[in-house]
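Read off the chains here:
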Amino acid sequence: MGLRPRDRKAPANRGYEWAMGCYEMPAETGLAPRWAIVQQGHLVAHEAASGPDTAATLLSRALARVHEKPPTAVRVADAALRSALAPVTGTTCKLVVAPTPEIERLGHMVADGNEALTASYLLDGRISSAAAQAMIHTGLRFAMLEPWFTVISPQRIGVDIPAYGVRGAILETVGGSGISQGFMLYESIDALVSIESMVDQGDDPTTILSGVTLALNFDSVDALPQKCAEELKRYQWPTLSGQAAWVTGALRSGGYRPPSPRTQLAAWAITEALMQLLEAHGRTAGEWSEFYYGQEPTALAFTAANVPGLPTVVLTVPALPHDDALEGGDEAEDAPETAGDAPEAEAQRQ
């Protein structure tokens, strides 16, 4: 699960440095400690610390997936870890022994946001096993389209789901580097503008993503919340190369909340609509770019046929004229006001 709202070009004075270390998982989760790679406070990759070679394996896989913006250095807290990683980095980037406070902050965030680790597909019986199975299959079909390589952040899509009270929301895919794949839904344009501004100023992203309403994450099974992993095994639901999609709720007070039924169904409805959009207008990155940049904002309605109630999802592509209103600063002031009535907020009112 990525912590970053988008794959943003790093400020020139910071370079592309990674910090790497291990953080403990809360004891009640029953999960092993995790190795993590962090760039400028944003999670790049993580994996259970199941053996002495895990850190080198994780770093090797992460480096292989990042082509456009490889790190210039990897910062680790001690010489022993530097020695373990030396065969992986070779001459591609430096290994530097220095403090890694980002890893400690990440561990605190996981502990504070431990409610997300109680998330499940069935939500204690509030989602039927039949509906959950349909959602699992939707997640596999979605992942096979690899939308994070087609809809490259920051290509923003407007989202409205009248049945779930979602109005004026903004979607961005994440994972164009091949790591931390899925999408995030921001409750409004204003929320995204605020988040982007704080990221640009270097604020800690673990405390500023309060405008994120939900996220769909495509992760390895060992990275899933414990209940999700148990349900996958119990019901023998399929995975794709050992990976599966799952949903988190809003990010509040430093941690992700588990999804409400409404939030979870909204996430899967968006997944189905996004698949239909790509199948109709942009199965490849080239086709999508031609479609996305070739028009003014256009509202397209899709029916989420595998979600209970068959909700209609309206996707506006692009979300803003020429998709430049969040980049230039002056244009952002002219962005239309939106209700930002996202499913988590709606659920809390009920």
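Look above for the structure.
Please read these numbers as outputs of a predicted model, since none were measured by experiment.

(A) Structural view of the packing of aromatic side chains. According to the stated counting rule, one finds eight aromatic pairs in the structure shown. Pairing Trp288 with Tyr292 gives two aromatic rings, centres 5.6 Å apart and planes at 35 degrees, and the pair type is tilted. With a gap of four residues between them, Trp288 and Tyr292 both fall in helix 8 (residues 285–292), about one helical turn apart. Put simply, the rings of Phe142, Trp148, Phe183 and Phe218 pair up and form one aromatic cluster.

(B) Layout of the packing of helix 7 (residues 261–281) against helix 8. Running from N to C, helix 7 and helix 8 point in directions that differ by 95 degrees, and their axes come no closer than 9 Å. What the angle tells us is that helix 7 and helix 8 run roughly perpendicular. In this structure, helix 7 contributes Leu277, Leu278 and His281 to the contact, and helix 8 contributes Glu287, Trp288 and Phe291. A per-class count over the contact of helix 7 with helix 8 returns four nonpolar, one polar and one charged.

(C) Looking closely at the nonpolar core. Among the nonpolar cores identified, the biggest contains 54 residues, and Tyr121, Ile157, Val159, Leu277 and Trp288 are the most heavily contacted of them. Per element, the largest residue contribution to this core is 11 residues, and it comes from helix 7. Judged by nonpolar contacts, the second largest core, of 19 residues, contains Leu59, Val66, Val76 and Leu81.

(D) Expanded view of helix 7. With 21 residues, helix 7 should cover 30 Å at 1.5 Å per step; its first-to-last C-alpha distance of 30 Å lies within 8% of that length. Burial runs high along helix 7: 15 of the 21 residues are buried.

(E) The pattern of salt bridges, seen in detail. With the rule as written, the count across this model stands at five salt bridges. Between Lys227 and Asp124 there is a salt bridge, with its nearest N and O atoms 3.6 Å apart. Residue Lys227 is found in helix 6 (residues 226–235), and its partner Asp124 is found in the loop between helix 3 (101–112) and helix 4 (129–145); the two are separated by 103 residues along the sequence. Assessed through its relative accessible area of 64%, Asp124 is described here as exposed. Residues joined by salt bridges that share partners form a network here, namely Glu17, Arg75 and Glu102.

(F) Spotlight on the sheet that holds strand 6 (residues 157–161). Judged by pairing direction, the sheet is antiparallel, and its seven strands sit side by side in the order 10-9-8-7-6-14-13 without closing on themselves. The open sheet has two edge strands, strand 10 (243–248) and strand 13 (298–303), and neither has a second partner. In this sheet, adjacent strand axes meet at a mean angle of 25 degrees when their direction is disregarded. The pairing of strand 7 (residues 166–174) with strand 8 (residues 181–186) spans five bridges and is antiparallel. Bridged to Leu171 within strand 8 is Leu185.

(G) Spatial organisation of the side chain of Glu272. The topology assignment puts Glu272 in helix 7. Among buried charged residues, Glu272 stands out as having no salt bridge; its nearest opposite-charge side chain is Arg141, 4.8 Å away. A polar contact of 3.2 Å, which involves the side chain of Glu272, links it to the backbone nitrogen of Ala305. Sequence-distant contacts of Glu272, defined by excluding residues within four places in its chain, comprise Thr138, Thr303, Ala304, Ala305, Asn306 and Val307.

Cut-offs used in this document
Residues numbered from 1 in each chain as written. Predicted model: local features only at pLDDT ≥ 70, side-chain atom pairs only at ≥ 80, totals over all residues. Heavy atoms only, no water. Phe/Tyr/Trp six-rings, centres within 6.5 Å; stacked < 30°, edge-to-face > 60°. Helix = DSSP H or I, 4+ residues; strand = E, 2+ residues; numbered from the N terminus. Axes fitted to C-alpha atoms, helices over the stretch in contact; angles between N-to-C directions. Parallel < 35°, antiparallel > 145°, perpendicular 65-115°, else oblique. Contact = heavy atoms within 4.5 Å. Nonpolar A, V, L, I, M, F, W, Y, C, P; charged D, E, K, R; others polar. Core = buried A, V, L, I, M, F, W, Y, C linked by side-chain atoms within 4.5 Å. Buried < 20%, exposed > 50% of the residue type's maximum accessible area, 1.4 Å probe, protein only. Expected span 1.5 Å × (residues − 1). Salt bridge = Lys/Arg side-chain N within 4 Å of Asp/Glu carboxyl O. Pairing = 2+ DSSP bridges. Lys, Arg positive; Asp, Glu negative; His and termini not counted. Polar contact = N/O pair within 3.5 Å; in protein donor to acceptor, adjacent residues only side chain to side chain.

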